[in-house]
Amino acid sequence: MEIYDTHAHYEDAMFDKDRFEFLDGLVDSEVKFILNCCSDVEVFDTVMEIVNRYDFIYGSIGIHPHWVTSTPDDYLERIRKLVKHKKIVAIGEMGLDYFFDDPKDLQKRIFIEQLELAKELDMPVIIHDRDAHEDCLEILRKYKPVGILHRFGGPVEMVKEVTDWGMYISFNNDLTYPEWNKPHIDCLMATPWDRFLIETDCPYASPSNERERRCDSKDCANVIKEVARLRNVSEEFVEKTAKENALKVYRLEDKL
Ligand SMILES: [Zn+2]
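First, a word on scope: everything that follows refers to the structure included in this document. (Residues numbered from 1 in each chain as written. Predicted model: local features only at pLDDT ≥ 70, side-chain atom pairs only at ≥ 80, totals over all residues. Heavy atoms only, no water.)

**Points about the overall build of the chain**
- From N to C terminus, the chain includes 9 helices and 8 strands.
- Against the 2.2 N^0.38 benchmark of 18 Å for 256 residues, the chain shows a C-alpha radius of gyration of 17 Å, consistent with a compact globule.
- Among the 256 residues that make up the chain, the fraction classed as buried is 58%.
- Considering only contacts within the chain whose residues lie at least 6 apart along the sequence, 70% involve residues at least 24 apart.
- Accessible area of the chain: about 11500 Å², with a carbon and sulfur share of 48%.
- Charged side chains of the chain number 34 positive and 52 negative; the gap between the two group centres comes to 3 Å. (Helix = DSSP H or I, 4+ residues; strand = E, 2+ residues; numbered from the N terminus. Rg over C-alpha atoms; globule rule 2.2 N^0.38 Å. Buried < 20%, exposed > 50% of the residue type's maximum accessible area, 1.4 Å probe, protein only. Contact = heavy atoms within 4.5 Å. Areas by Shrake-Rupley, 256 points an atom, 1.4 Å probe, with all protein chains shown as cover. Lys, Arg positive; Asp, Glu negative; His and termini not counted. Charge placed at Lys NZ, Arg CZ, Asp CG, Glu CD.)

What follows is the structure in structure tokens.
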């Protein structure tokens, strides 16, 4: 099996103890590609260190909505500088998260500023939308960015609209949680194959039968299996589609 994980967080504190030992172990494994997604300025350096160390790991730089209150004024300039690096292939993750109490106006401002930067630099974006579908879609409609709506379990109509203008939707082991997988499965069923991606969002989203342990990119294998079962296609087809689309969305087709 070949795994192309389009959204992982190896900069996360849960990997502080064994980050490079763990990633060394993935070299020459079934994990062929990882996009290490960034969440806030505090981890910019760690993301850069990870992508510099490993050929198969690329990165994004950006501010997740949950970190907006601790974001310094010069953040946009810092992003602008770092995304020039040839292995930083997207801006994000960015978006809106109304699950926590972070101020909505500030979330929107930082989301919009990053979308504008991505447009100016012609880079794909990674979008986080949790419990904020209406506002998120209203903003996305204005910019119609290219990139990924990640780990999405919102309205199916939103999947249809954003994939129509060319965005991708990524799925992880959320699909395996019987308590709340229904919206994720509905979105999976509505996603055209040429807009479909796989991710883990590790370390926080293990398969439901092992929910206590730290998750990592190898857990994409379970996502591939689950998608094949749900959509009644072969695992090989899911694997191949996920690979081709991952390289397309991050503009790495020359790696195919
Ligand atoms: Zn993430």
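**Here we look at the coordination of the zinc ion**
- Taken together, the protein ligands of the zinc ion are His 7 (NE2), His 9 (NE2), Glu 93 (OE) and Asp 201 (OD), with distances of 2.0 to 2.5 Å.
- Its 4 donor atoms give the zinc ion angles of 88 to 176 degrees at the centre, a pattern that matches the irregular case.
- Mapping the donors of the zinc ion onto the primary sequence yields the spacing H-x1-H-x83-E-x107-D. Here the residue Glu 93 occupies a position in strand β4 (residues 88–97), and Asp 201 occupies one in the loop between β8 (196–198) and α8 (220–231), the gap between them amounting to 108 residues. Each member of the pair, Glu 93 together with Asp 201, is buried. (Donors = N, O, S within 2.8 Å, 3.2 Å for Na, K, Ca; no water. Tetrahedral: all angles 85-135°; square planar, octahedral: opposite > 155°, others 65-115°.)

**Looking at the pattern of salt bridges**
- For the coordinates displayed, the defined rule picks out 20 salt bridges.
- When the shortest N-O distance is used, the salt bridge between Arg 214 and Asp 18 registers 2.9 Å. In this pair, Arg 214 sits in the loop between β8 and α8 while Asp 18 sits in the loop between β1 (3–8) and α1 (19–24), placing the two residues 196 residues apart along the sequence.
- On the accessibility criterion, Arg 214 (24% relative accessible area) is partly exposed.
- Between Arg 151 and Asp 174 there is a salt bridge, and its shortest N-O distance comes to 2.8 Å. One end of the pair, Arg 151, is in the loop between β6 (147–150) and α6 (156–164); the other, Asp 174, is in the loop between β7 (168–171) and α7 (182–190), and 23 residues separate them in sequence.
- Take Arg 151: its relative accessible area is 24%, and that puts it in the partly exposed class. (Salt bridge = Lys/Arg side-chain N within 4 Å of Asp/Glu carboxyl O.)

**Some details on the side chain of Thr 163**
- Tracing the sequence through the fold places Thr 163 in helix α6.
- Of the residues examined, Thr 163 reaches a relative accessible area of 8% and is grouped as buried.
- When residues no more than four places from it in sequence are discounted, the contact partners of Thr 163 are Ile 169, Pro 192 and Arg 195.

**Remarks on the environment of Glu 42**
- By the element assignment, Glu 42 lies in the loop between β2 (31–36) and α2 (44–53).
- In the structure, Glu 42 is positioned 191 residues away from Val 233 in sequence and 42 Å away in space, judged by C-alpha atoms.

**A closer look at the packing of aromatic side chains**
- In the structure shown here, the tally under the stated rule is 13 aromatic pairs.
- Both rings, one in Phe 33 and one in Tyr 250, keep their centres 6.1 Å apart while their planes meet at 35 degrees; by these two values the pair is tilted. With Phe 33 in strand β2 and Tyr 250 in the segment after α9 (235–249), the pair connects residues that are 217 residues apart, well separated along the chain.
- By relative accessible area, which is 2% here, Tyr 250 ends up buried.
- For the ring pair Trp 193 and Phe 196, a centre distance of 5.1 Å and an interplane angle of 80 degrees mean the geometry is edge-to-face.
- Residue Trp 193 is classed as partly exposed on the basis of its relative accessible area of 22%. (Phe/Tyr/Trp six-rings, centres within 6.5 Å; stacked < 30°, edge-to-face > 60°.)

**A few points about the nonpolar core**
- The biggest cluster of nonpolar side chains holds 71 residues, and the ones touching the most others in it are Tyr 10, Ile 61, Ile 79, Phe 111, Ile 127 and Val 162.
- Tallying contributions element by element places α8 first for this core, with 6 residues.
- In contact with Ile 61, not counting residues within four places along its chain, are Cys 38, Phe 44, Val 47, Met 48, Ile 79, Leu 82, Val 83, Ile 88, Ala 90, Ile 91 and Gly 92. (Core = buried A, V, L, I, M, F, W, Y, C linked by side-chain atoms within 4.5 Å.)

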